[in-house]
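Coordinates in review
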Amino acid sequence: MLTCSKGPSIYPIMFAAVAGKSLKTVARYYAERGMKLGVLELLLASQTVWGTFESQVLLRRFTLFGAHLFLLWCLSPLGGQASLRILETAMASQTAVGDPVLYLPTGGMSYHAIANDILMTGDAATPLAAINSLYSANLLAPASVKTSAVDTWGNIKVPRLSTVSAKSESTGHWKTVPELTSADNYTSLSGLPLAGLARKSQIFQEFTFEYAYMDLDCPEPAYNMSQRDPRFVQQLGLIWSPNNKSVFINEDKHTKTSFFLDTHTPMTEGRMSNIFLDQNQTTLTDTSLQFPRNLLFGSQYSGSDSRAYSVLMRNCTVKLKYVEVKAGCTEDGCRATALRPSTKYSDRNPNLTPLEYLVMSYHFMQDFPLATGSIHMGDTSPTEFYIKGASMPFGTATAGLPDMEDISNDLFATRMGSLMNTYFQLSLAPLAYTDDLPAPNDSIWKSSNLSITTSTELYDELRAPPYLPLYSNTTITATTEVYKCNYLWFAFLLVSSCILLLLGSAGTALSHLCHAPDMMGYVSSFTYNNPYMSVPSGGESLGAMERARLLRDVKVKIGDARVNDEVGHVVFATLNRADSIGDLSLKKHYR
């Protein structure tokens, strides 16, 4: 490439040297055999592109021969540019199978993942604090992060299937994820942790993974009920009704929240045992498995009586959706590029979610409302502020936000579902989100077939992995910069070089056929048989450069040989004739 860069400078010099010398030889050859003076002038003047053009202008005659000479010299800059542009850079891609990525299973994809969920192990203070901190961090993230394809820590966020499904979600074809501009387009505020992502320069990594998320549906309109109404307790379900405690105030833990969650759907062994199983003829006819779990949401707000609080109630249902995600990673990050309904988990019962476990539901519905901390009397939880549309749920600029009862059922279901997925997903492996995960070939993943507990001793002995992963194969496309030939400029260079070669060969051949000395186009040519030159006699058979070498110290001038006449005579003479050769003047005519 360095040689090519010098082409525009070197090639015109070489072209001028070969072409100029050859054209002078051609002129000498034809001068011996008789040729028009105009043609000889064109040949001798054609030493550059401009010289070829200028000579025709001065001769006031444009001929086909002159045009050919002009085109010949145009090959000089074209050849120089061609030598520079003959090589250009291009990007070449090579695809190969890469190392697998290890991702966190969600929903009903893995029994071990649910069994090791923090919410299944009780109110462990440290892990729960990690979940709540991560949840609050996702709420605190700026709008640019909430609407981006990854979360604060670069984990890939999965769009909702409805964002790419125009009509039906039953097709198995991939559907490209469009440019998403709202956090409501994603299933969760947090992304999915994956180990083995290749975020490298000029490397594109593509892979697919399975994902499950809870999808809420709230078909019934919201309604208000006073806590003093005897029917209020009758509205409560499995979580709050048996404990005879306030749904908003926990006196034992000294906490208070502004909303609660509950459920009425019976938690049977059949529903729990079929979460991780495909449906069959028996389960398809089991009526206890044919309806989704209901979710009761209650939001407290100050009523007309300052001593009493009314509750806004919503009845929703929750289902589990399984999707297959295609994702790509570059140096700038990763993002989900396409979605389709999962084929691997297409036979799972969508009515069954991890909330079928009583322990899971109990801790989820008690801990989730307190994820952002306890509030003061009359305050509203940041979770509810987010559902209302606050850009900064922890901020104080909440004026103008709609009341919870003014939020449409669809919008409430979307945002509440997103927050529930965020909290539930964080509870699966809270320590996997903010740290660089070990490489897929790290020995720590070899214990993936073990059940992880919160025992510190077990962690130390087994080096337990951050989560029990599922594997996905990847393809790596490496893009490198290569040189390639520009065939158009190559053609220019080839034609120009071939013509120059032919011209140089012709000039060499004709030089051996010429008998006259090389005297055309030289200053020393004026000294041949010149009566005004005081030089030694002889030497007429010498070439012009040979003669110039012998006379190089002789001083000459162009002057007037008839100083005293009215009309002067311009001659080329030696300075020792100064007594008879005068200077030229603009006031005198010459012939």
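Residue positions are counted from 1 within each chain, in the order its sequence is given. The predicted nature of this model means local features are confined to residues of pLDDT at least 70 and side-chain atom pairs, given and counted, to a pLDDT of 80 or more, with totals for whole chains, interfaces and linings taken over all residues. Hydrogens and waters are ignored; side-chain quantities use all the structure's heavy atoms.

**Some remarks on the overall build of the protein**
- Each helix and strand in the protein was counted, giving 17 helices and 16 strands.
- Computed over the C-alpha atoms, the radius of gyration of the protein is 46 Å, more than 25% above the 25 Å expected from 2.2 N^0.38 for a compact globule of 591 residues.
- Overall size of the protein, expressed as C-alpha extent along the three principal axes, is 140 × 55 × 50 Å.
- Each residue's exposure class comes from its accessible area (1.4 Å probe, protein chains only) as a fraction of the maximum for that residue type: buried when under 20%, exposed when over 50%, partly exposed otherwise. Taken over 591 residues, the protein has a buried fraction of 46%.
- We call two residues contacting when some pair of their heavy atoms lies within 4.5 Å. In the protein, of all internal contacts separated by at least 6 residues, the share reaching a separation of at least 24 is 71%. Helix numbers and strand numbers start at the N terminus; a helix is a DSSP run of H or I with at least 4 residues, a strand a run of E with at least 2. Just to be clear, the radius of gyration here is over C-alpha atoms, and the globule rule we use is 2.2 Å times residues to the power 0.38.

**Topic: the confidence of the model for the protein**
- For the protein, the mean per-residue pLDDT works out to 84, and 91% of the residues sit at or above 70.
- Confidence of the prediction at every residue is given by pLDDT, a number between 0 and 100. Element-level mean pLDDT values for the protein span from 39 in helix α15 (residues 456–462) up to 95 in helix α14 (residues 409–428).
- Per-residue pLDDT stays below 50 along residues 448–462; that stretch engages in 23 contacts with residues further than four places along the chain or on separate chains.

**Some points on helix α12 (residues 358–367)**
- Of all 10 residues in α12, 7 are buried; the element is thus mostly enclosed.
- By the burial criterion, the buried members of α12 are Met-360, Ser-361, His-363, Phe-364, Met-365, Gln-366 and Asp-367.

**Regarding the nonpolar core**
- To qualify as a nonpolar core, a set must consist of buried Ala, Val, Leu, Ile, Met, Phe, Trp, Tyr and Cys residues joined through side-chain atoms within 4.5 Å. The biggest cluster of nonpolar side chains holds 95 residues, and the ones touching the most others in it are Phe-209, Phe-260, Phe-364, Phe-368 and Met-416.
- In contact with Phe-260, other than residues within four places in its own chain, are Phe-232, Leu-236, Trp-240, Val-247, Phe-248, Leu-296, Phe-297, Gly-298, Val-311, Met-313 and Pro-369.
- Listed in part, the 22 residues of the second largest apolar core include Tyr-11, Ala-19, Leu-23 and Trp-73.

**Considering the side chain of Asn-294**
- Relative to the elements of secondary structure, Asn-294 occurs in strand β9 (residues 293–302).
- Those residues in contact with Asn-294, other than ones at most four positions away along the chain, are Asp-262, Thr-263, His-264, Thr-265, Asn-315, Cys-316 and Thr-317.

**Notes on the state of the cysteines**
- By disulfide we mean two sulfur atoms from cysteines, separated by a distance within 2.5 Å. If you walk through the whole model with that rule in mind, you get 2 disulfides.
- A sulfur-sulfur separation of 2.0 Å characterises the disulfide bridge that pairs Cys-218 with Cys-316. Its torsion about the S-S bond being 100°, the disulfide of Cys-218 and Cys-316 is classed as right-handed. Taken as a pair, Cys-218 in the loop between β4 (203–217) and β5 (223–226) and Cys-316 in strand β10 (residues 309–330) lie far apart in primary sequence, 98 residues in all.
- Bridging Cys-329 to Cys-334, the disulfide has an S-S length of 2.0 Å. Between Cys-329 and Cys-334, the S-S torsion sits near 110°, and that sign places the bridge as right-handed.
- With cysteine numbering restricted to those in disulfides and following the sequence, the protein has the pairing 1-2, 3-4.
- The thiol of Cys-74 is unpaired, and the distance to the nearest cysteine sulfur, on Cys-498, comes to 18 Å.
- Using a relative accessible area of 21% as the deciding quantity, one classes Cys-74 as partly exposed.

**A look at the pattern of salt bridges**
- What makes a salt bridge here is a side-chain nitrogen of Lys or Arg within 4 Å of a carboxyl oxygen of Asp or Glu, nothing more. Here the structure, examined in full by the defined rule, presents 11 salt bridges.
- Arg-271 is the salt-bridge partner of Glu-356, the closest N and O atoms lying 2.8 Å from each other. With a gap of 85 residues between them, Glu-356 in the loop between β11 (333–341) and α12 and Arg-271 in helix α10 (residues 269–273) connect regions that are remote in the sequence. Here the two residues Glu-356 and Arg-271 agree in accessibility, since each one is buried.
- Linking Glu-324 and Arg-340 is a salt bridge whose minimum nitrogen-to-oxygen distance equals 2.9 Å. In this pair, Glu-324 sits in strand β10 while Arg-340 sits in strand β11, placing the two residues 16 residues apart along the sequence.
- In this structure Glu-324 comes out as buried when scored by relative accessible area, which is 9%.

**Some details on the side chain of Ser-110**
- Its place among the elements puts Ser-110 in the loop between β1 (87–103) and α6 (111–115).
- Within the structure, the side chain of Ser-110 is placed 3.4 Å from the backbone nitrogen of His-112, a separation counted as a polar contact.
- Once residues within four sequence positions are removed from consideration, Ser-110 is found in contact with Pro-105 and Phe-276. Contacts described as polar in this section are N or O atom pairs within 3.5 Å, which, within protein, must combine one atom able to donate a hydrogen with one able to accept it, while residues neighboring in sequence count only if both atoms come from side chains.

**Considerations on the packing of helix α2 (residues 7–33) against helix α5 (residues 64–85)**
- Axis lines are fitted to C-alpha atoms, over the contacting stretch for helices. Their N-to-C directions set the angle, which ranges from 0 to 180 degrees. Two numbers describe how α2 lies on α5: the axes approach to 7 Å, and their chain directions differ by 155°. Our classification of the angle between α2 and α5 gives roughly antiparallel. Here α2 and α5 pass one another in a crossing that is right-handed. Every residue of α5 that contacts α2 at Gly-7, Pro-8, Tyr-11, Pro-12, Phe-15, Ala-16, Ala-19, Gly-20 and Leu-23 is listed here: Leu-69, Leu-72, Trp-73, Leu-75, Ser-76, Gly-79, Gly-80, Gln-81, Ser-83 and Leu-84.
- Three categories are distinguished: nonpolar for Ala, Val, Leu, Ile, Met, Phe, Trp, Tyr, Cys and Pro, charged for Asp, Glu, Lys and Arg, and polar for the others, with Gly belonging to the last. Looking at the contact of α2 with α5, its residues break down into 12 nonpolar, 7 polar and no charged. With respect to orientation, any angle under 35 degrees is reported as roughly parallel, any angle over 145 as roughly antiparallel, any angle of 65 to 115 as roughly perpendicular, and every other angle as oblique. Note: crossing handedness is left-handed where the near helix turns anticlockwise from the far helix by less than a right angle, and right-handed where it turns clockwise.

**Some points on the environment of Ser-346**
- Within the secondary structure layout, Ser-346 lies in the loop between β11 and α12.
- Among the residues examined, Ser-346 registers a relative accessible area of 46% and is labelled partly exposed.
- For the pair Ser-346 and Ala-327, spaced 19 residues apart in sequence, the C-alpha to C-alpha distance is 20 Å.
- Within the structure, Ser-346 has its side chain in polar contact with the backbone oxygen of Thr-343 (distance 3.1 Å).

**Observations regarding unusual backbone geometry**
- You will see that Gln-202, though not glycine, has its phi angle at about 60°, which is positive.
- Relative to the elements of secondary structure, Gln-202 occurs in the loop between β3 (194–195) and β4.

**Focus on the packing of helix α7 (residues 125–140) against α14**
- Direction vectors running N to C along α7 and α14 enclose 140°, while the axes themselves pass 9 Å from each other. Considered as vectors, α7 and α14 are oriented oblique to each other. Where α7 crosses over α14, the handedness of that crossing is right-handed. Contacts between α7 and α14 involve Leu-128, Ile-131, Asn-132, Leu-134, Tyr-135, Asn-138 and Leu-139 from the first element and Leu-419, Thr-422, Tyr-423, Leu-426 and Ser-427 from the second.
- For the contact of α7 with α14, the residue count by class is 8 nonpolar, 4 polar and no charged.

**Quick notes on the packing of aromatic side chains**
- What counts as a ring pair is set by centres within 6.5 Å for rings of Phe, Tyr and Trp (its six-membered ring), and what kind of pair is set by the plane angle: stacked under 30 degrees, edge-to-face over 60, tilted for all other angles. Enumeration according to the criterion identifies 20 aromatic pairs in this entry.
- Arranged with centres 6.0 Å apart and planes meeting at 65°, the rings of Phe-364 and Tyr-423 form a pair that is edge-to-face. Highlighted residues: Phe-364 in helix α12 and Tyr-423 in helix α14, separated in sequence by 59 residues. Judged on exposure class, the residue Phe-364 and its partner Tyr-423 are both buried.
- Pairing Trp-489 with Phe-492 gives two aromatic rings, centres 5.6 Å apart and planes at 50°, and the pair type is tilted. In this pair, Trp-489 and Phe-492 both sit in helix α16 (residues 487–511), 3 residues apart, roughly one turn of the helix.
- The structure contains a cluster of three or more aromatic residues connected by ring pairs, namely Tyr-135, Phe-259, Phe-297, Phe-364, Phe-368, Phe-412 and Tyr-423.
- Against the face of Tyr-186 rests Lys-157, its NZ or CZ located 4.6 Å from the ring centre. Working rule: Lys NZ or Arg CZ, within 6 Å of ring centre, within 35 degrees of ring normal, means a charge sits over the ring.

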